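# Chains, contacts and geometry: an overview
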Amino acid sequence: MFACPPMWTRMLITFSMGFSSGLPLLLTGSVLQLWMRQGGVSLQDLGLLTLVGLPYTLKFFWAPLLDRFQLTTWGRRRSWLLLSQITLTLALVALSQGDPHLDAQNMALWALLIAFFSATQDIGVDAYRREHLPESELGLGSSVYVYGYRTGMLLASGGGLILAGYWSWEMAYLLMAAAMILGMLTTWLAPEPYAHVDAPKTLKQAIVQPFVSFWQLKYAGHLLLFVLLYKIGDAIAAAMTAPLYVDLGFSEVEIGTTVKLFGFWATLAGGLIGGLLMVRIGIYRGLLIFGILQMLSTAGFVYLVYQGHHLPSLAAVVALENLASGMGTAAYIAFMAALTDIRFTATQYALLSSLAGVPRVLLSAPSGYLAVAFGWEGFFICCTLIAIPGLLLLPYIKQHFLVHQTSEATHVS
């Protein structure tokens, strides 16, 4: 509990908080879908299960509370972080005791609570990172955070599936709950960040000012629409990839080693390549090129359907999809960062990231019905085509936003 930790300590804190943010995400997503599918849950219900991720899309509603109130003497950021981490861990333990054959509905409720506490933790982590890191370290800190986040996702997905294959789903989820101790230790040992600006004095101030500031942007509605649509095809396809792997006959270990472990490195490579390329080509061209690659990588799942249970094809499709997704995400995050007002980064970024999560949660809910209605081939063809509207907005975004925000775009790119 040091007042001014050295840079390597700040980066270690950032990595650990990223790890704690990434760990719970797939435990209520694709990992839970695999558990449920093996338990006999229908594709239609698996599609609806994506609704448990609603808190990730609605977190901007309670984000101002984390700016306004301090729960304990630990400080504004650390007190909310510790509360969310403890409740998140307990909910994971409760979910581990479920049985898809007997109480799928109760498991879905526990998953919803996990998503709520996880989204609250994300709000706190984003605010902590922004206030804890000096301006000169924000770029490096963002990369370290993403690596920590992806490491948490890797442990939850690849590690969790391998544990489930060799032992049981209950043991896998219990060990994932135990891994959250790292986040709690980090919160306990880390210093409360120095607030460079005064905290809101009233709830009205915490709620109203960030939204008023954003809506004063010219073309704010078009910007929000683009945030909603840019990764829509990628997100809806991802909602059904886990059931596809099961239906094609891949085992938990095959999925864990090929999809999760192999895909993890492809995603990291995509993020690194995307970031380096944007230094040369800028955000707009990055969004355009990487968006097209995302769309083409979704079409790769049609090829996988025809190949069936074939590990080399699975590895190739997963590598392409994760590489393109990592590149697209790098440009996407840079674009959203360019939209935020530095005075209201926490709440405005919560708004944008919540909107970005809508395709993954709300619009993915009927994905199971689409897969049943059109078959796997037709479903992934639809996911490929649905990416086009977001790409069609790009010339408008370039003309009416990036040209008028040259300084912000240059700074981020």
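Residues numbered from 1 in each chain as written. Predicted model: local features only at pLDDT ≥ 70, side-chain atom pairs only at ≥ 80, totals over all residues. Heavy atoms only, no water.

### Section: the overall build of the protein
Cut-off, in case you're wondering: Here a helix means four or more residues in a row that DSSP labels H or I, a strand means two or more in a row labelled E, and each is numbered from the N terminus. Partly exposed residues are those whose accessible area sits between 20% and 50% of the maximum for their type, while under 20% is buried and over 50% is exposed, using a 1.4 Å probe and protein chains only. Each accessible area value is a Shrake-Rupley result obtained with a 1.4 Å probe; residue values ignore everything except the protein chains displayed when judging cover.
Scanning the protein for helices and strands turns up 21 helices and zero strands. Counting the 413 residues in the protein, one finds 57% classified as buried. Here the protein has roughly 17600 Å² of accessible surface; of this, 69% comes from carbon and sulfur atoms.

### Digging into the pattern of salt bridges
Applied cut-off: Salt-bridge detection follows one rule: a side-chain nitrogen of Lys or Arg within 4 Å of a carboxyl oxygen of Asp or Glu.
According to the stated counting rule, one finds four salt bridges in the structure shown. Measuring nitrogen to oxygen at the nearest pair gives 3.4 Å for the salt bridge that ties Asp 234 to Lys 231. Here Asp 234 falls in the buried class, since its relative accessible area comes to 11%.

### Focus on the packing of aromatic side chains
The following threshold applies: Pairing of aromatic rings covers Phe, Tyr and Trp, the last through its six-membered ring, and needs centres within 6.5 Å; plane angles under 30 degrees mean stacked, over 60 mean edge-to-face, and all others mean tilted.
Under the definition given, this model contains 12 aromatic pairs. With a centroid separation of 6.3 Å and 80° between ring planes, the pair formed by Trp 376 and Phe 379 is classed as edge-to-face. In this pair, Trp 376 and Phe 379 both sit in helix α18 (residues 367–385), three residues apart, roughly one turn of the helix. Judged by its relative accessible area of 14%, Trp 376 is buried. Classification of Phe 379 by relative accessible area gives buried; the value is 1%.

### Examining the packing of helix α1 (residues 7–22) against helix α10 (residues 181–189)
Test applied: The angle between two axes is taken between their N-to-C directions and runs from 0 to 180 degrees, where each axis is a line fitted to C-alpha atoms and a helix contributes only its stretch in contact. Throughout this description, any angle smaller than 35 degrees is read as roughly parallel, any larger than 145 degrees as roughly antiparallel, any in the 65 to 115 degree range as roughly perpendicular, and the remainder as oblique. Helix crossings fall into two classes, left-handed where the near helix is turned counterclockwise from the far one by less than a right angle and right-handed where it is turned clockwise. For this analysis, residues touch if any pair of their heavy atoms sits within 4.5 Å.
Orientation of α1 relative to α10, taken along the N-to-C sense of each, is 140°, at an axis distance of 9 Å. What the angle tells us is that α1 and α10 run oblique. Of the two elements, α1 crosses α10, and the hand of that crossing is left-handed. In this structure, α1 uses Ile 13, Ser 16, Met 17, Phe 19 and Ser 20 to contact α10, whose residues at the interface are Leu 182, Gly 183 and Thr 186.

### Side note on α1
Inclusion rule: Each residue after the first adds 1.5 Å to the expected span of a helix.
In a regular helix each residue adds 1.5 Å, so 16 residues correspond to 22 Å; α1 covers 22 Å between its end C-alpha atoms and thus fits that length. Of all 16 residues that make up α1, 12 are buried, and the element is covered over most of its length. Turning to α1, its buried residues are Thr 9, Arg 10, Met 11, Ile 13, Thr 14, Ser 16, Met 17, Gly 18, Phe 19, Ser 20, Ser 21 and Gly 22.

### Quick look at the nonpolar core
Worth spelling out the cut-off: Here, the term nonpolar core denotes a set of buried Ala, Val, Leu, Ile, Met, Phe, Trp, Tyr and Cys residues that are joined through side-chain atoms within 4.5 Å.
If you look at the biggest cluster of nonpolar residues, it comprises 108 residues, and the most contacted ones within it are Tyr 173, Tyr 245, Phe 335 and Trp 376. Of the residues forming this core, the biggest block, 12 residues, is contributed by helix α14 (residues 252–307). When near neighbours in sequence (up to four residues on either side) are disregarded, Tyr 245 contacts Phe 250, Ile 255, Val 259, Phe 301, Leu 304, Leu 314 and Val 318.

### Observations regarding the side chain of Ser 21
Short version of the rule: Two N or O atoms form a polar contact when they lie within 3.5 Å of each other; inside protein one atom must be a possible hydrogen donor and the other a possible acceptor, and for residues adjacent in sequence the pair counts only when both atoms belong to side chains.
Inspection of the secondary structure assignment puts Ser 21 in helix α1. Polar side-chain contacts of Ser 21 include one of 3.2 Å to the side chain of Asp 122. Among all residues touching Ser 21, those that are not within four sequence positions of it are Ser 118, Gln 121, Asp 122, Val 125, Tyr 145 and Tyr 149.

### Considerations on the state of the cysteines
For the record, the criterion: We call a pair of cysteine sulfur atoms a disulfide when they lie within 2.5 Å.
All told, the structure shown has zero disulfides when counted by the stated rule. In this structure Cys 382 is a free cysteine whose sulfur lies 6.9 Å from that of Cys 383, the closest cysteine sulfur available. The exposure class assigned to Cys 383 is buried, which follows from its relative accessible area of 3%.

### With respect to a nonpolar patch on the surface
The line we're drawing: Only residues whose relative accessible area exceeds 30% and that form no salt bridge enter a patch; like-charged residues are grouped when within 9 Å of one another, and nonpolar side chains (Val, Leu, Ile, Met, Phe, Trp, Tyr) when within 5 Å.
A surface patch of nonpolar side chains, about 590 Å² in accessible area, is lined by Leu 65, Phe 69, Leu 71, Leu 83, Leu 203, Ile 207, Val 208 and Val 212. Here the element with the most residues in the nonpolar patch is helix α11 (residues 203–215); it accounts for four residues. As for its placement among the helices and strands, Leu 71 is situated in the loop between α5 (63–68) and α6 (76–96).

### What to know about the environment of Pro 5
Looking at the element boundaries, Pro 5 is found in the segment before α1. Discounting chain neighbours no more than four positions away, the residues touching Pro 5 are Arg 10, His 132 and Pro 191.

### Remarks on the packing of helix α2 (residues 30–38) against helix α7 (residues 100–132)
Filter applied, for reference: Only Asp, Glu, Lys and Arg are considered charged, only Ala, Val, Leu, Ile, Met, Phe, Trp, Tyr, Cys and Pro nonpolar, and every remaining residue, Gly among them, polar.
One can describe the packing of α2 onto α7 by two numbers: an axis separation of 10 Å at closest approach and a directional angle of 165°. By the angle class used here, α2 and α7 are roughly antiparallel. Crossing angle aside, the handedness with which α2 passes α7 is left-handed. Of the residues in α7, those touching α2 at Leu 32, Trp 35 and Met 36 are Pro 100, Ala 104, Met 107 and Ala 111. Each residue belonging to the contact of α2 with α7 can be placed in one class, and the counts come to seven nonpolar, no polar and no charged.

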